[in-house]
Amino acid sequence: MKTQRAAPAWLQAAPLTLVFALFFVAPLILVIAVSFLDYNDYEIVPAFTLRNYSETFEGCVAQLPDLCTILKTYVSTAKFCLIVWALTLVIGFTIAYFLAFHVRSFTVQMALALLCTIPFWTSNVIRMISWIPLLGRNGLVNQALLGLRLVNQPVEWLLYSPFSIVLAYVHLFTFFMVVPIFNSMMRIDKTLVEAAYDAGASAWQTLWNVVIPLSKPGIVIGSIFVITIVMGDFITVGVMGGQQVASAGKVIQTRLDALQFPPGAANAVILLGVTLVIITVLNRIVDIRKEL
Amino acid sequence: MRENRSFAFYALAIFFGAYVLFLYGPMIAIFVLSFQGPQGGLVFPLNGLSLHWFAKLWQGGGIVDIGGAFRRSLALGFVVMAATVIFSVLAGLAFRKRFFGQNLIFYIVVASLIVPSIVTSLGIALEFRLADDLVKTYAPDWLADGYTTAMGLYTSGLGAHLTWTLPFGLLIMFAIFNRFDRRLEEAARDLGATPWQTFRFVILPIILPSLIGVGLFGFTLSWDEIARSSQAIGEVNTLPLELKALTTTITTPEIYALGTTTTGVSFLVIAAALGVIAIQRTRQV
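What about the overall build of chain A?
Piece 1. Helix and strand counts for chain A stand at 13 helices and 2 strands.
Piece 2. Relative to its length of 292 residues, chain A is extended, with a C-alpha radius of gyration of 24 Å against a globular reference of 19 Å.
Piece 3. In terms of overall dimensions, chain A has C-alpha extents of about 90 × 70 × 40 Å along its principal axes.
Piece 4. Per-residue burial for chain A yields a buried fraction of 40% across its 292 residues.
Piece 5. Intrachain contacts of chain A at a sequence separation of at least 6 include 66% that bridge at least 24 residues.

This is the structure in structure tokens:
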């Protein structure tokens with residue numbers, strides 16, 4: 001009897017491959033290509049130029065030691081990245097550690113994890129504007145501060161400021177840190193932790209020498225997620241910064257809103273390059289492929 | 001672990017509680033404030049209790065075509081959901097075997113998660129502009145006449161969303177198939193099942209609950225997507241894009257009512273999905 005053959009693997013993978021070829025690989029190539037094209041007020045001019053890059057970095061060497069606009073923007077974005085990364089890492093790690101090592105029943109673990117997931121079913125924009133009643137000029141925080149006579153006039157820097165941007169990032173993205181770290185921690189053999197205790201290690205020593213090294217893959221994956229989101233973000237920075245704070249992603253958006261595609265593309269290539277460098281460095285620390 | 005609840009446990013439990021409060025607090029605030037009376041403002045205290053702002057939202061007018069954006073987002077979300085499930089399952093099956101370019105495709109899929117969304121979005125926009133130019137210049141008259149753009153909700157928009165949902169879908173499929181007992185398939189084959197029968201009557205029923213999860217993921221990711229859609233959605237906007245545009249001009253609690261409504265839809269979809277899973281379970285028992 002002749003057995004029927006299953007569909008070949010490449011055919012099964014074809015729809016997915018086609019989507020990524022059409023909507024990811026080809027677009028990226030186009031971005032790189034267009035970044036080297038000239039433009040005028042109405043359209044892209046098909047002539048090779050380095051103008052988009054040279055204009056982006058204009059004055060960057062001449063103005064030293066002062067930073068030019070693009071470098072200032074990247075420094076500011078990198079600052080946000082670093083602060084948000086540190087905060088989400090500490091908070092995310094603590095939450096994951098609590099869930100993985102201190103909650104004993106699997107059902108309770110899952111229930112608590114679900115509790116943290118529910119807010120993700122609300123639009124990010126809604127979650128951002130939900131800070132207005134709390135942090136606004138007449139919001140709850142200011143009402144409380146005034147009521148307690150801690151301040152004489154409403155605090156202005158609570159909303160539409162770098163503070164509110166960081167707050168929103170932490171609010172929106174900490175869970176991206178929790179999930180992979182929790183996943184790594186659940187794979188840790190609990191007898192290793194017990195062995196450490198039995199060998200006389202203190203709780204801190206166990207945490208530092210056993211739990212953290214074994215959670216490293218989760219930490220790196222979470223970090224990559226948070227860092228890439230913050231690097232490329234223009235939405236949270238826009239909404240929470242009252243459209244007044246610059247970011248690497250927002251530079252691109254501003255160019256595109258003005259229909260200046262080539263300089264927008266050049267900025268996109270720069271952002272892509274910076275992001276890839278960060279990922280490569282993080283990837284040196286842990287091989288992501290082995291962790292999936 | 002040690003027997004008694006330690007100090008560390010209580011400290012961590014309080015920390016966790018504070019985190020949950022931090023997650024929910026602001027959202028609860030806008031849900032409450034969306035029931036503001038007609039005279040009420042954007043902040044506490046509540047000035048009466050009413051459905052005024054929901055009614056206003058329903059009538060439209062105040063805010064640009066929210067109803068239309070709502071329906072578009074819902075429809076696109078369901079298409080993205082279906083495509084994500086089907087393409088992910090097929091690719092998941094493919095990745096259990098070996099095929100040429102396997103590793104490359106895997107890296108590209110992961111890269112799609114890492115590349116900043118605005119870069120992908122810009123690329124798709126450029127691609128469609130190029131395609132439009134080509135059609136206008138070289139296509140036969142019957143096509144070129146009256147042609148404006150190929151960019152739209154179900155072309156560039158759908159593609160942009162899929163580059164975001166498919167990586168998650170594929171990674172979930174990896175997790176599912178890693179735990180799949182291959183002996184079940186072998187048994188089916190030994191009993192004379194065709195590949196299709198094996199898939200339809202053995203594999204599919206086992207992975208179905210997880211597939212509902214993939215679909216749910218696909219829908220919610222699409223329902224909230226902004227960054228990738230921003231340049232690639234074409235003439236009409238999806239709901240989150242409209243919402244984002246509205247944030248610059250927040251003057252009434254109407255936007256809170258809108259927030260409460262969109263969240264309600266997310267919860268309905270999730271409840272429906274969980275319901276389907278529950279029905280599935282009872283059937284299997």
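Focus on the overall build of chain B
Piece 1. Counting its regular elements, chain B contains 12 helices and 0 strands.
Piece 2. Traced from its N-terminal end to its C-terminal end, chain B shows the element sequence α-α-α-α-α-α-α-α-α-α-α-α.
Piece 3. Taking 19 Å as the expected radius of gyration for a compact globule of 285 residues, we find that chain B reaches 24 Å, considerably beyond that expectation.
Piece 4. With the principal axes as the frame, chain B shows a C-alpha extent of 80 × 75 × 35 Å.
Piece 5. Per-residue burial over chain B gives 38% buried out of 285 residues.
Piece 6. Intrachain contacts of chain B at a sequence separation of at least 6 include 75% that bridge at least 24 residues.

Considerations on unusual backbone geometry
Residues and elements named next belong to chain A.
Piece 1. Phi angles above zero are rare outside glycine, and Q243 is one such case at about 60 degrees.
Piece 2. Its place among the elements puts Q243 in the loop between α11 (235–240) and α12 (248–257).
Piece 3. The class for Q243 is partly exposed, based on 13 C-beta atoms found within 10 Å.
Piece 4. Even without being glycine, L259 reaches a positive phi, approximately 60 degrees.
Piece 5. Along the chain, L259 turns up in the loop between α12 and α13 (261–285).

Section: the interface of chain B and chain A
Piece 1. On the chain A side, the residues contacting the 73 residues of chain B number 70 residues.
Piece 2. Listing elements by their share of the side of chain B that touches chain A, those giving two or more residues are α1 (7–33), α3 (66–94), α4 (102–114), α5 (117–138), α7 (153–178), α9 (195–224), α11 (239–246) and α12 (254–284) of chain B.
Piece 3. At 16 residues, α1 of chain B tops the list of elements feeding residues into the side of chain B that touches chain A.
Piece 4. Counted by class, the side of chain B that touches chain A contains 54 nonpolar, 15 polar and 4 charged residues.

Side note on the packing of helix α3 (residues 69–102) of chain A against helix α10 (residues 203–232) of chain A
All names here are of chain A.
Piece 1. Running from amino to carboxyl end, α3 crosses α10 at an angle of 145 degrees, the nearest separation of the two axes being 9 Å. The chirality of how α3 crosses α10 is right-handed. Residues T77, F80, C81, V84, W85, T88, L89 and G92 of α3 form the contact with α10, whose own contacting residues are I219, G222, S223, V226, I227, V230 and M231.

Side note on α5 of chain B
It helps to recall that an α-helix has 3.6 residues per turn; residues three or four apart then point in one direction.
Piece 1. Between its terminal C-alpha atoms α5 of chain B stretches 32 Å, which fits the 32 Å expected from 22 residues at 1.5 Å a residue.
Piece 2. All of the buried residues along α5 of chain B are S117, I118, V119, T120, S121, L122, G123, I124, A125, L126, E127 and F128 of chain B.
Piece 3. If you follow the buried residues of α5 of chain B, they end up packed against α1 (9–34), α10, α12 and α13 of chain A together with α7 and α10 (229–232) of chain B.

Digging into the packing of α4 of chain B against α7 of chain B
All names here are of chain B.
Piece 1. In contact at an axis separation of 9 Å, α4 and α7 are set at 125 degrees when each is read in the N-to-C sense. Accordingly, the angle class assigned to the pair α4 and α7 is oblique. With respect to the hand of their crossing, α4 and α7 are arranged in left-handed fashion. Between α4 and α7, the contacting residues are V109, V110, S112 and L113 on the first element and T163, L166, P167 and L170 on the second.
Piece 2. A per-class count over the contact of α4 with α7 returns 6 nonpolar, 2 polar and no charged.

Let's talk about the environment of L90 of chain B
Residues and elements named next belong to chain B.
Piece 1. When you line up the elements, L90 lands in helix α3.
Piece 2. With 19 C-beta atoms counted inside 10 Å, the residue L90 sits in the partly exposed group.
Piece 3. For the pair L90 and L170, spaced 80 residues apart in the sequence, the C-alpha separation amounts to 9.4 Å.

A look at the confidence of the model for chain B
Caution is warranted with low-pLDDT regions, since their predicted coordinates should not be read in detail.
Residue and element names in this part refer to chain B.
Piece 1. Across chain B, the average pLDDT comes to 86, with 96% of residues at or above 70.
Piece 2. The element-level mean pLDDT for chain B is lowest in helix α6 (residues 141–144), coming to 79, with α7 highest at 93.
Piece 3. Scoring the predicted complex yields pTM 0.87 and, for the interface, ipTM 0.87.

Digging into the nonpolar core
Piece 1. Formed by 128 residues in total, the largest nonpolar core has its most connected members in V31, A96, V230 and A268 of chain A together with L122 of chain B.
Piece 2. Of all the elements, α3 of chain A adds the most residues to this core, at 12 residues.

Side note on the environment of V155 of chain A
Residues and elements named next belong to chain A.
Piece 1. Counting through the fold element by element, V155 comes out in the loop between α7 (140–147) and α8 (162–187).
Piece 2. A sequence separation of 10 residues divides V155 from L145, and the C-alpha atoms of the two residues are 8.6 Å apart.
Piece 3. Sequence-distant contacts of V155, that is, excluding residues within four places in its chain, are made with N142 and L145.

Regarding the pairing of strand β2 (residues 44–48) of chain A
All names here are of chain A.
Piece 1. Counting buried positions over the 5 residues of β2 gives 0, only a small fraction of the element.
Piece 2. Bridge count between strand β1 (residues 37–39) and β2: 3 bridges; the pairing is antiparallel. Along β2, the bridge assignment pairs D38 with V45.
Piece 3. Connecting β1 to the antiparallel partner β2 that follows it, the hairpin turn spans 4 residues.

Calculation rules
- Residues numbered from 1 in each chain as written.
- Chains lettered and ligands numbered in written order.
- Predicted model: local features only at pLDDT ≥ 70, side-chain atom pairs only at ≥ 80, totals over all residues.
- Helix = DSSP H or I, 4+ residues; strand = E, 2+ residues; numbered from the N terminus.
- Rg over C-alpha atoms; globule rule 2.2 N^0.38 Å.
- Buried ≥ 20, exposed ≤ 12 C-beta atoms within 10 Å, placed from the backbone.
- Contact = placed C-beta atoms within 7 Å.
- Nonpolar A, V, L, I, M, F, W, Y, C, P; charged D, E, K, R; others polar.
- Axes fitted to C-alpha atoms, helices over the stretch in contact; angles between N-to-C directions.
- Left-handed = near helix turned anticlockwise from the far one by under 90°.
- Expected span 1.5 Å × (residues − 1).
- Parallel < 35°, antiparallel > 145°, perpendicular 65-115°, else oblique.
- pLDDT = per-residue confidence, 0-100.
- Core = buried A, V, L, I, M, F, W, Y, C linked by C-beta atoms within 7 Å.
- Pairing = 2+ DSSP bridges.

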